[in-house]
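Below are the chains, spelled out letter by letter.
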Amino acid sequence: MDAILLQILNGLDKGSAYALIALGLTLIFGTLGVVNFAHGAIFMIGAFCSVTLQRFFNLSYEVIDETQKDFLGNPLKVKTPYVESWFGPDVGGTIIDWSVPLAILFAIPVMLIIGYVMERGLIKHFYKRPHADQILVTFGLAIVLQEVIKAIYGANPIQTPAPEMLSGVAQLAEGIVYPVWRIVYFCFAVVIIGGVFAFLQFTTFGMVVRAGMADRETVGLLGIDIDKRFTIMFGLAAAVAGLAGVMYGPINAPNYHMGMDFLVLSFVVVVVGGMGSLPGAVLAGFVLGILESFASTTWATTTLPGINQIIIYLVAIIILLTRPRGLMGRKGVMEE
C-alpha cells in the first residue's frame, strides 16, 4: 500500500502539469477553435520568468570586507545582493529565498501580454484556416521562442530552488515521505484549476464565454463582442500555462526544450479528455499522469521494457478506438 500511495502521489505531481497545460489548450480550442502548438513554449517561458526574477534578485555589487582575509592577509571582496542592501540581510535574504513563489506576481502580467500579442499578432489571421495551417504556424512559433530562450539563457538547465522552508520532505504516513514542494505544486494546480472553473461558472464574463463556446454566432447577434472576450481568454490560457511553468521549476530545472517535452503529451491529454471539454482535460491529465507513474516502476519496466515511454499513447489509442470523442467530449466532436 505504501508503494501504491507513493506512485499515486508521483502521478498527481506530473498529472498536475499535464492538467494545467491541457486546460489552457482546451480553453483556446474551445473558444477560438485554434490548435495551438505554441502552448508548450508558453509553459517554458513561464519557467524562465522564475529564472529571470531569481537572477534579478541576485544582482550584486562588490564591497571590501575587512573581517575576511585571504592567505596573504589582504581583505576579501564580497558580493552583496542589492536586495539585501535595500531591505537588510534578513528581509533581503527571504526575498531571494522565495523568488520562485514571488515569480507568480511577475509572470501573470508577462504571460497575459504574451498571450494577447500572440493572439492579436498571429493567431487571429488563422481562425478560418485549416487546422493543419494552424499547427504548422504555431509549431514554427514554438521553435522560434525556444531558440530565443536558448540564445538568451543558454542550453543548460538552470536550477531554481524552492524556498528553504518548502524544500524538505513531509512525513505523510509511517514509512512514507514525500517532497514538500511536489505537494505544494499539486495544491497550487488544484487552486488554479478551481479558480478557472469558478471564473467560467459564476461570473457574467465566464457565462458569456461559455455561451460563445456553445454558439458563437447567436451570442454575436445579441450585440456582445465575443471576439474581444475570446482574446482575453487566450491571455488567461497563456497565464495558466505560464504559472504551471513557474512552479514546476524546482521540480525540473528549466531548460529551453521543456516546452516541447510537455507539448505532445499535453495534446494527447486533450484528445483523450475530449476536444473542447475542460473537465475532460483535467480528468485525463491526472489519470494519465498516474498511469505513467505506475508504468515507470521497476516491476513494470522489467516486465514490459519501455512501457513507461508508450503507456500514455497506448491508453489514448484504446480510448479513441472505443470512444472517438474522448472521455468527456461533446457528441459529434472528433466522430462522424
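Not measured: the values here are computed from a predicted model. (Residues numbered from 1 in each chain as written. Predicted model: local features only at pLDDT ≥ 70, side-chain atom pairs only at ≥ 80, totals over all residues. Heavy atoms only, no water.)

### Structural notes on the side chain of Gln54
This is how the line gets drawn: Helix and strand assignments follow DSSP, with helices taken as H or I runs no shorter than four residues and strands as E runs no shorter than two, numbered in order from the N terminus. The classification of residues rests on relative accessible area computed with a 1.4 Å probe and restricted to protein chains. Under 20% of the type maximum is buried, over 50% is exposed, and intermediate values are partly exposed. Contacts: residue pairs with any heavy atoms within 4.5 Å of one another.
Note on placement: Gln54 falls in helix α2 (residues 39-57). Judged by relative accessible area, Gln54 falls into the buried class, the value being 13%. In this view, Gln54 contacts Ser99, Gln159, Thr160 and Pro161; residues no more than four positions away in its chain are not counted.

### Focus on the packing of helix α1 (residues 2-32) against helix α10 (residues 226-248)
Let me state the cut-off plainly: Under this scheme, a helix contributes an axis fitted over its contacting stretch, all axes are lines through C-alpha atoms, and angles between N-to-C directions fall in the 0 to 180 degree range. Here is the rule for angles: anything less than 35 degrees is roughly parallel, anything more than 145 is roughly antiparallel, 65 through 115 is roughly perpendicular, and the remaining ranges are oblique. Note on convention: near helix rotated counterclockwise from far helix by under a right angle means a left-handed crossing. Clockwise means right-handed. All amino acids are sorted into three groups, where Ala, Val, Leu, Ile, Met, Phe, Trp, Tyr, Cys and Pro are nonpolar, Asp, Glu, Lys and Arg are charged, and the leftover types, Gly among them, are polar.
One can describe the packing of α1 onto α10 by two numbers: an axis separation of 9 Å at closest approach and a directional angle of 170°. The pairing of α1 with α10 is recorded here as roughly antiparallel in orientation. Here α1 and α10 pass one another in a crossing that is left-handed. Residues Asp13, Lys14, Ala17, Leu20, Leu23, Gly24, Leu27, Ile28, Thr31 and Leu32 of α1 form the contact with α10, whose participating residues are Phe230, Met233, Phe234, Ala237, Val240, Ala244 and Tyr248. Among the residues making up the contact of α1 with α10, the classes are represented as 13 nonpolar, two polar and two charged.

### Considering the packing of aromatic side chains
For clarity, the cut-off: The rule is short: rings of Phe, Tyr and Trp, with Trp giving its six-membered ring, pair when the centres are within 6.5 Å, and they are stacked under 30 degrees, edge-to-face over 60, tilted in between.
Considering all chains together, one arrives at 13 aromatic pairs under this definition. The interplanar angle of 55° and the centroid separation of 6.0 Å between the aromatic rings of Phe43 and Tyr248 together place this pair among those described as tilted. Highlighted residues: Phe43 in helix α2 and Tyr248 in helix α10, separated in sequence by 205 residues. Here Phe43 falls in the buried class, since its relative accessible area comes to 0%. Look at Tyr248 and you get buried, because its relative accessible area is 5%.

### Looking at the packing of helix α5 (residues 99-121) against α10
Where α5 contacts α10, the two axes come as close as 7 Å, and the packing angle between them is 145°. Every pair of crossing elements has a handedness; the one defined by α5 and α10 is right-handed. On α10, the residues that touch Val100, Ala103, Ile104, Ala107, Ile108, Met111, Leu112, Gly115, Tyr116, Met118, Glu119 and Arg120 of α5 are Thr231, Phe234, Gly235, Leu236, Ala238, Ala239, Gly242, Leu243, Val246 and Met247. When grouped by side-chain class, the residues that make up the contact of α5 with α10 number 16 nonpolar, four polar and two charged.

### A look at α10
Under the convention used in this document: A helix is expected to span 1.5 Å for every residue after the first.
With 23 residues, α10 should reach 33 Å at 1.5 Å per residue; the first-to-last C-alpha distance of 33 Å fits that figure. Across the 23 residues of α10, 18 count as buried, placing the element largely inside the fold.

### Focus: the pairing of strand β4 (residues 176-179)
Let me state the cut-off plainly: Two strands pair under a simple rule: DSSP has to find at least two bridges between them.
Burial along β4 is one-sided: the residues Ile176 and Tyr178 are buried and none of Val177 and Pro179 is. Bridging between strand β3 (residues 169-173) and β4 involves four bridges; their strand directions are antiparallel. Of the residues in β4, the one forming a bridge with Gln171 is Val177. In textbook terms, the turn of a hairpin is the stretch between consecutive antiparallel strands, and for β3 and β4 this stretch comprises two residues, one of which, Gly175, has a positive phi near 85°.

### Some points on helix α12 (residues 278-295)
Here is the rule: What qualifies as a polar contact is a pair of N or O atoms within 3.5 Å, subject to a donor-acceptor requirement within protein and to the restriction that residues adjacent in sequence count only when both atoms come from side chains.
Look at α12: 26 Å from first C-alpha to last across 18 residues, which is about the 26 Å you get at 1.5 Å a residue. Listing the buried residues of α12 in full gives Leu278, Gly280, Ala281, Val282, Ala284, Gly285, Phe286, Leu288, Gly289, Glu292, Ser293 and Ala295. Elements that come into contact with the buried residues of α12 comprise α1, α7 (180-202), α11 (258-273), α13 (298-303) and α14 (307-322). Near the N-terminus of α12, the side chain that reaches the backbone nitrogen of Gly280, with its oxygen 3.1 Å away, is that of Ser277.

### So, the nonpolar core
Definition in use: Among the buried residues, those of types Ala, Val, Leu, Ile, Met, Phe, Trp, Tyr and Cys that are joined through side-chain atoms within 4.5 Å form a nonpolar core.
Counting residues in hydrophobic clusters, the biggest one holds 100 residues, and the most contacted among them are Leu20, Phe43, Met118, Tyr185 and Tyr248. The element contributing the most residues to this core is α10, with 14 residues. With residues up to four places along the chain from it excluded, the contact list for Phe43 reads Ile21, Tyr185, Ala241, Ala244, Gly245, Tyr248, Met258 and Phe262.

### Remarks on a nonpolar patch on the surface
We count it as follows: Only residues whose relative accessible area exceeds 30% and that take part in no salt bridge are eligible for patches, with like-charged residues grouped when within 9 Å of each other and nonpolar side chains (Val, Leu, Ile, Met, Phe, Trp, Tyr) grouped when within 5 Å. Method for areas: the Shrake-Rupley scheme with a 1.4 Å probe, in which residue coverage is limited to the protein chains shown. When a carboxyl oxygen of Asp or Glu is within 4 Å of a side-chain nitrogen of Lys or Arg, the pair counts as a salt bridge.
On the surface, a cluster of nonpolar side chains totalling about 650 Å² of accessible area is made up of Phe56, Leu59, Tyr82, Trp86, Phe87 and Val91. Counting residues per element, the nonpolar patch draws most heavily on helix α3 (residues 82-87), which supplies three residues. When you line up the elements, Leu59 lands in the loop between α2 and β1 (60-69). By relative accessible area, Leu59 is classed as partly exposed at 46%.

### Things to note about the pattern of salt bridges
Side-chain pairing between opposite charges can occur once the charged atoms of the two side chains come close. Enumeration over the complete set of coordinates arrives at three salt bridges. Between Asp13 and Arg182 there is a salt bridge, with the nearest N and O atoms lying 2.0 Å from each other. With Asp13 in helix α1 and Arg182 in helix α7, this residue pair connects regions lying 169 residues apart in the sequence. Its relative accessible area of 26% is what places Arg182 among the partly exposed residues. Between Asp133 and Arg129 there is a salt bridge; the shortest N-O distance is 3.1 Å.

### Regarding the environment of Gly242
You can see Gly242 is positioned in helix α10. Contacts of Gly242, omitting those with residues within four sequence positions, involve Ile42, Gly46, Ala47 and Met111.

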